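Next come the chains, spelled out residue by residue.
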Amino acid sequence: MTTADAASGPAAPPPARRPFLRRRSAIPGFGLTMGVTLSVLSLIVLIPLAAVVLKAAHQSPAEFWAVATSRRAMAAYRLTFGAAFVAAAINSVFGVLTAWALVRYDFPGKTIVNALVDLPFALPTAVAGIALATLYAPTGWVGQFLTPLGIKAAYNPVGVTIALTFIGLPFVVRAIEPVLRDAAEDVEEAAASLGATRLDTILRIVLPALAPAWLTGFAMAFARGVGEYGSVIFIAGNMPYKSEIAPLLIIIQLEQFEYARAATIAVVMLTVSFTMLLIINAVQAWARRFD
Amino acid sequence: MAAASHRRATDDPAWAKALVIGIVLAFLALVLVLPLAAVFVEALRKGLDAAVAAVRAPDALAAVRLTLITAAIAVPFNAAFGLCAAWAIAKHDFKGKALLITLIDLPFSVSPVVAGLIYVLIFGLQGWFGDWLVERDLKIIFALPGIVLATVFVTFPFVARELIPLMQEQGTSEEEAAVSMGAGGLYTFWRVTAPNVRWGLMYGVLLCNARAMGEFGAVSVVSGHIRGLTNTMPLHVEILYNEYDFVGAFAVAALLCLLAVVTLILKTALEVAQPHVRGRGGH
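What counts, and where the lines are drawn
- Residues numbered from 1 in each chain as written.
- Chains lettered and ligands numbered in written order.
- Predicted model: local features only at pLDDT ≥ 70, side-chain atom pairs only at ≥ 80, totals over all residues.
- Helix = DSSP H or I, 4+ residues; strand = E, 2+ residues; numbered from the N terminus.
- Contact = placed C-beta atoms within 7 Å.
- Nonpolar A, V, L, I, M, F, W, Y, C, P; charged D, E, K, R; others polar.
- Axes fitted to C-alpha atoms, helices over the stretch in contact; angles between N-to-C directions.
- Left-handed = near helix turned anticlockwise from the far one by under 90°.
- Core = buried A, V, L, I, M, F, W, Y, C linked by C-beta atoms within 7 Å.
- Buried ≥ 20, exposed ≤ 12 C-beta atoms within 10 Å, placed from the backbone.
- pLDDT = per-residue confidence, 0-100.
- Parallel < 35°, antiparallel > 145°, perpendicular 65-115°, else oblique.

### Comments concerning the overall build of chain B
Here comes step 1: Along chain B, the regular secondary structure elements total 13 helices and 0 strands.
Here comes step 2: The N-to-C order of helical and strand elements in chain B reads α-α-α-α-α-α-α-α-α-α-α-α-α.
Here comes step 3: Based on the C-alpha atoms only, the size of chain B along its principal axes is roughly 65 × 60 × 30 Å.
Here comes step 4: Long-range pairs, those at least 24 residues apart, make up 75% of the contacts in chain B between residues at least 6 apart in sequence.

Shown next as structure tokens:
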């Protein structure tokens, strides 16, 4: 953009120096589109995100630490991260089975099943929330069978996990599916011809090859679950210390005009999200080394 | 291909197939189908008339209108941004490209509640521009601009992340040929690039729209929940549900379910008709 333009302008250094930002390209519009992209990205995403960090930084480190690690906040993180982890683990198991069935098997209604997997992407989270709360309430379709077993699903951490399982499923399926589709079946054939049983082949050839995609799907489902709000609050019960998730705690602080406290918990959650993002990128870079 | 009587080495035994398909269908029925069915059953609990009346109530209609207006601003905005970003990133070489793509994807890793919070901290009464806005009698938080901003944030990456890999795969040779024969930038875009990416663009717009109309957490923070004024459809569902008006809540929810089902049908149709747009993984 401007740097590149300046480099080709009359005051430019000797032509031997390559433009800083880009190599020469015949296709026009780089300056304009890059300028718009960076401006919009900064105004909508980067500067507002910086605002929350600055707001949290208004406090002294001791205040920040006290709010970030208060008993109520710690209980909320434990529930949020714990439920997101369990839900991502459940989805890792059923997600790989779903992807396997969609890629390797033919069965009636496969197109519909394939479309249905994306339902959590398309269905508004509040709709999922009230539907799940109604299903798993003690008198609900599913809840009535759980109550005699002594399982209290709705208004409990179990309910939070159920909601996050709904939200996270497509991430795992859609991460694994393309890798499974591109996987070379001749490797499996080679293993079989060398005398490996089918189970051996799957456990020692197929599943290890899926590991990076699996980890990516797990991390994406986990990251989404940590931030999820709409589908959770209706089924969670929202009892402080027991079934109150971290995003709800932010809203509660906000309603009490405790902006710095809300920003503090937001910064903790952003730190975790960005760490997850880095891990996902690292896993994908690591997986590409084997291509 | 082996003879029909021989199993190929990559085929699983029939019992294993049946078992896996059975587990998958049972799991999906429990996790996905049951909630969808529950919405329609609960909406029709007191008959179709009650459900229709709930959707045609003035507050519900106002919520529908606000949701449509919000999507009508946020989706074209993000589509234009996505095209711009994809042109800069996919058709040119520069340093820091991977970082820029990661930054565009950033909103997907941010909790919707935090997405709402950041705009309250900037435009709210105690925010950076709070006093400035009050002096000029401008309202962003608890008003339409805030709702649109929060929606733009959460749907920001949809179109861009669909178009960038698609345009990278297509390379630059067609555009370079057009430019070398004297076509201008805009002409090249409309005549060469746009026809190549229109299905990918539609795919991104479809997912972006579904999320824009269904967003709850981010919008909930900035809306103020004023009935008939700043309530979108998902927020209206919440209010009715918390007032124990379950038929009303599920009737409006059923409308949103129909939106989701139409989105999935169009998405599947696009994937069948245009296989190359599939599998980039949306959110």
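### Examining the interface of chain B and chain A
Here comes step 1: Contact residues are listed per partner, giving 80 residues for chain B and 82 residues for chain A.
Here comes step 2: Per-element accounting of the side of chain B that touches chain A gives the leading share, 15 residues, to helix α1 (residues 14-43) of chain B.
Here comes step 3: Residues belonging to the side of chain B that touches chain A are distributed by class as follows: 53 nonpolar, 17 polar and 10 charged.

### Some points on the packing of helix α3 (residues 58-90) of chain B against helix α10 (residues 185-214) of chain B
All names here are of chain B.
Here comes step 1: It is the contact of α3 with α10, at a shortest axis distance of 9 Å, that shows an interaxial angle of 145°. Judged by the twist between their axes, the crossing of α3 over α10 is right-handed. Contact residues: Thr67, Thr70, Ala71, Ala74, Val75, Asn78, Ala79 and Gly82 in α3; Leu201, Gly204, Val205, Cys208, Asn209, Ala212 and Met213 in α10.
Here comes step 2: The residue makeup of the contact of α3 with α10, split by class, is 9 nonpolar, 6 polar and no charged.

### Points about the nonpolar core
Here comes step 1: With 172 residues, the main nonpolar core has Val127 and Ile130 of chain A together with Val114, Leu117, Val252 and Ala253 of chain B as its most contacted residues.
Here comes step 2: In terms of residues, this core owes the most to one element, α3 of chain B, which gives 17 residues.
Here comes step 3: Those residues in contact with Ala253 of chain B that lie beyond four places of it in its chain are Val127 and Ile130 of chain A together with Val39, Ala43 and Val237 of chain B.

### Section: the confidence of the model for chain A
Here comes step 1: Averaged over every residue, the pLDDT of chain A is 88; residues scoring 70 or more account for 91%.
Here comes step 2: Note that residues 1-10 of chain A has pLDDT below 50 and, in this model, 16 contacts with residues that lie over four places away or in other chains.

### Quick look at the packing of helix α2 (residues 30-57) of chain A against helix α14 (residues 259-288) of chain A
All names here are of chain A.
Here comes step 1: Here α2 crosses α14 at 120°, and the two axes come no closer than 8 Å. For the element pair α2 / α14, the angle class is oblique. Of the two possible hands of crossing, α2 and α14 adopt the one that is left-handed. Together, Val52, Val53, Lys55 and Ala56 of α2 and Tyr259, Ala260, Ala263, Thr264, Ala266 and Val267 of α14 make up the contact between the two elements.

### Re the confidence of the model for chain B
All names here are of chain B.
Here comes step 1: Per-residue confidence for chain B averages 91 on the pLDDT scale, and 95% of its residues sit at or above 70.
Here comes step 2: Taken element by element, chain B is modelled with least confidence in helix α6 (residues 130-135), mean pLDDT 88, and with most confidence in helix α7 (residues 144-154), mean pLDDT 97.
Here comes step 3: Low pLDDT, under 50, characterises residues 1-5; the predicted model gives this stretch 1 contact beyond four residues in sequence or across chains.
Here comes step 4: For this predicted complex, the interface score ipTM comes out at 0.91, while the overall pTM is 0.90.

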